[in-house]
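Architecture at a glance
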Amino acid sequence: MPTDPVERFLAALDPDHREAVGARPREEQERLAAAWTRELEADDELDTLDELSPPAAEAEAARRVLERGTG
């Protein structure tokens, strides 16, 4: 499993989004990865999902971040 937050975020994305985000500037990738990390840490619902399936929790957090387009 990658340890770099950007690499972890990219790994959590579906292939189409991974390619699109991977083409963005590194600074924007870092901003999105930071938002993704905050989402994972802050959402209790994701904590429960993480206990059952960490990859599913990471993918859901990534989907939410991209849907909001925030960081």
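Residues numbered from 1 in each chain as written. Predicted model: local features only at pLDDT ≥ 70, side-chain atom pairs only at ≥ 80, totals over all residues. Heavy atoms only, no water.

**Description of the overall build of the chain**
Helices and strands together make up the secondary structure of the chain, namely five helices and zero strands. For a compact globule of 71 residues, the expected C-alpha radius of gyration is about 11 Å, and the chain comes in at 11 Å, within 12% of that figure. Counting only C-alpha atoms and orienting by the principal axes, one finds that the chain spans roughly 35 × 20 × 20 Å. For the chain, buried positions account for 30% of its 71 residues. In the chain, the proportion of contacts linking residues at least 24 apart, taken out of those at least 6 apart, comes to 49%. When the accessible surface of the chain is summed, it comes to about 4500 Å², and 51% of that surface belongs to carbon and sulfur atoms. (Helix = DSSP H or I, 4+ residues; strand = E, 2+ residues; numbered from the N terminus. Rg over C-alpha atoms; globule rule 2.2 N^0.38 Å. Buried < 20%, exposed > 50% of the residue type's maximum accessible area, 1.4 Å probe, protein only. Contact = heavy atoms within 4.5 Å. Areas by Shrake-Rupley, 256 points an atom, 1.4 Å probe, with all protein chains shown as cover.)

**Overview of helix H5 (residues 54–68)**
For H5, spanning 15 residues, the distance from its first C-alpha to its last is 21 Å, which sits close to the expected 21 Å at 1.5 Å a residue. On its buried face, H5 is in contact with helix H1 (5–12), helix H3 (26–42) and helix H4 (44–52). A positive backbone phi angle near 65° is found at Gly69, which sits one or two residues after H5. (Expected span 1.5 Å × (residues − 1).)

**Examining the environment of Ala12**
If you trace the backbone, Ala12 turns up in helix H1. Residues Ala12 and Glu51, 39 residues apart in the sequence, show an inter-C-alpha distance of 16 Å. The residues contacting Ala12, other than those within four sequence positions of it, are Trp36, Glu58, Ala59 and Ala62.

**Some words on the nonpolar core**
A general trend in soluble globular proteins is that nonpolar side chains are found buried together. Counting residues in hydrophobic clusters, the biggest one holds 15 residues, and the most contacted among them are Phe9, Leu13, Val21, Trp36 and Ala62. Where this core is concerned, the elements lending two or more residues are H1, H3 and H5. At five residues, H3 tops the list of elements feeding residues into this core. Each residue touching Trp36, except ones within four places of it in the same chain, is listed here: Pro5, Arg8, Phe9, Ala12, Glu58, Ala61, Ala62 and Val65. (Core = buried A, V, L, I, M, F, W, Y, C linked by side-chain atoms within 4.5 Å.)

Nothing here speaks to function; it is all geometry.
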